[in-house]
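What follows is the residue order along each chain.
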Amino acid sequence: TRQRPKIVDRLNDWQYLERTVHRLIAAWGRRMADWDGKSALHRHIWDQAECVRRIRERIAQFPGGKPDAPVSPRLEALGNTLLFAPSFDDALDGIYLLLLKALVSACVDYTGKAHAAHDAPTVAVLHEINQIKSQQWLWYRDHRRKHPHTTDVAYLAA
């Protein structure tokens, strides 16, 4: 059959969120003050572009897979909320603490349920992306240790 697997829709959502993270880091990253942080965010921009590329390529491999398929209005609203964070530190918290962790959780959950043989290419892509995310998370954790911040409550709720 030429029926499109359900994972294609999920990959489209993840691709949209990865692209959103990419844009957010690029948009907010210019506010990073210290040199090490700027260097790290430049690397994250590159890594995010790679995550988006890998997911888009995987989507295109499926019959009927279209990497630019529409996504849920809720995902768009989430991206816009993160874009309009009240401060740079709140934006970092939204990107790394909320969105990055949610993406990793969703990918880990999927890989635990995916068929080992039938969806091995998707699982491989998700493992690669989770490796990138773990490095980004370690940077964020260290950054927060050096620069503690409490996320704006209204922003966090949104």
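So, how was this worked out
- Residues numbered from 1 in each chain as written.
- Predicted model: local features only at pLDDT ≥ 70, side-chain atom pairs only at ≥ 80, totals over all residues.
- Heavy atoms only, no water.
- Helix = DSSP H or I, 4+ residues; strand = E, 2+ residues; numbered from the N terminus.
- Rg over C-alpha atoms; globule rule 2.2 N^0.38 Å.
- Buried < 20%, exposed > 50% of the residue type's maximum accessible area, 1.4 Å probe, protein only.
- Contact = heavy atoms within 4.5 Å.
- Areas by Shrake-Rupley, 256 points an atom, 1.4 Å probe, with all protein chains shown as cover.
- Lys, Arg positive; Asp, Glu negative; His and termini not counted.
- Charge placed at Lys NZ, Arg CZ, Asp CG, Glu CD.
- Phe/Tyr/Trp six-rings, centres within 6.5 Å; stacked < 30°, edge-to-face > 60°.
- Salt bridge = Lys/Arg side-chain N within 4 Å of Asp/Glu carboxyl O.
- Polar contact = N/O pair within 3.5 Å; in protein donor to acceptor, adjacent residues only side chain to side chain.
- Core = buried A, V, L, I, M, F, W, Y, C linked by side-chain atoms within 4.5 Å.

Draft legend 1. Region of interest: the overall build of the protein. Looking only at helices and strands, one finds 6 helices and 0 strands in the protein. Beginning at the N terminus, the succession of helices and strands in the protein can be written as α-α-α-α-α-α. For the protein, the C-alpha radius of gyration of 16 Å lies close to 15 Å, the compact-globule estimate for 158 residues. In terms of overall dimensions, the protein has a C-alpha envelope of 55 × 30 × 25 Å along the principal axes. For the protein, with 158 residues in total, the buried portion stands at 42%. Taking all contacts inside the protein whose residues are at least 6 apart in sequence as the whole, residues at least 24 apart take part in 81%. Summed over its atoms, the accessible surface of the protein is roughly 9,000 Å², and 56% of this surface lies on carbon and sulfur atoms. Here the protein contributes 23 positive and 18 negative side-chain charges, whose respective centroids are spaced 3 Å apart.

Draft legend 2. Broad picture of the packing of aromatic side chains. If you walk through the whole model with that rule in mind, you get 4 aromatic pairs. Where W14 meets Y110, the ring centres are 6.1 Å apart and the plane angle is 75 degrees; that geometry is what we call edge-to-face. Taken as a pair, W14 in helix α1 (residues 7-29) and Y110 in helix α4 (residues 88-113) lie far apart in primary sequence, 96 residues in all. The buried category is assigned to W14, whose relative accessible area is 6%. Ring plane angle 10 degrees and centroid distance 5.6 Å describe the contact between Y96 and Y140, whose orientation is recorded as stacked. Of the two residues, Y96 sits in helix α4 while Y140 sits in helix α5 (residues 120-146), which places them 44 residues apart along the sequence.

Draft legend 3. Local environment of the pattern of salt bridges. Applying the stated criterion across every chain yields a total of 14 salt bridges. One salt bridge connects D68 with R19, and the closest N-O pair in it is separated by 3.9 Å. Note that D68 is positioned in the loop between α2 (35-60) and α3 (73-83) and R19 in helix α1, a separation of 49 residues in sequence. With a relative accessible area of 52%, D68 lands in the exposed category. Between R54 and E50 there is a salt bridge, with the nearest N and O atoms lying 3.9 Å from each other. In this pair, R54 and E50 are both assigned in helix α2, 4 residues apart and thus about one turn of the helix distant. Connected through salt bridges with shared partners, the residues E50, R53, R54, E57 and E128 form a single ionic network.

Draft legend 4. Summary view of the side chain of R144. Within the secondary structure layout, R144 lies in helix α5. Look at R144 and you get buried, because its relative accessible area is 11%. A distance of 2.9 Å separates the side chain of R144 from the side chain of D93, its partner in a polar contact. Within polar-contact distance, the side chain of R144 engages the backbone oxygen of H147 at 2.7 Å.

Draft legend 5. Representation of the side chain of Q136 within the structure. Looking at the secondary structure, you find Q136 in helix α5. Classification of Q136 as buried rests on a relative accessible area of 0%. Setting aside residues up to four positions removed in sequence, Q136 forms contacts with H44, D47, Q48, Y96 and L100.

Draft legend 6. Structural context of the nonpolar core. Ranked by size, the top nonpolar core spans 40 residues in total, and within it L11, W14, L41, I55, Y96 and W139 carry the most contacts. Of all elements in the fold, only α1, α2, α3, α4 and α5 reach the threshold of two or more residues within this core. Excluding its chain neighbours within four sequence positions, the residues that come into contact with Y96 are I25, L41, H44, K101, Q136, W137, W139 and Y140.

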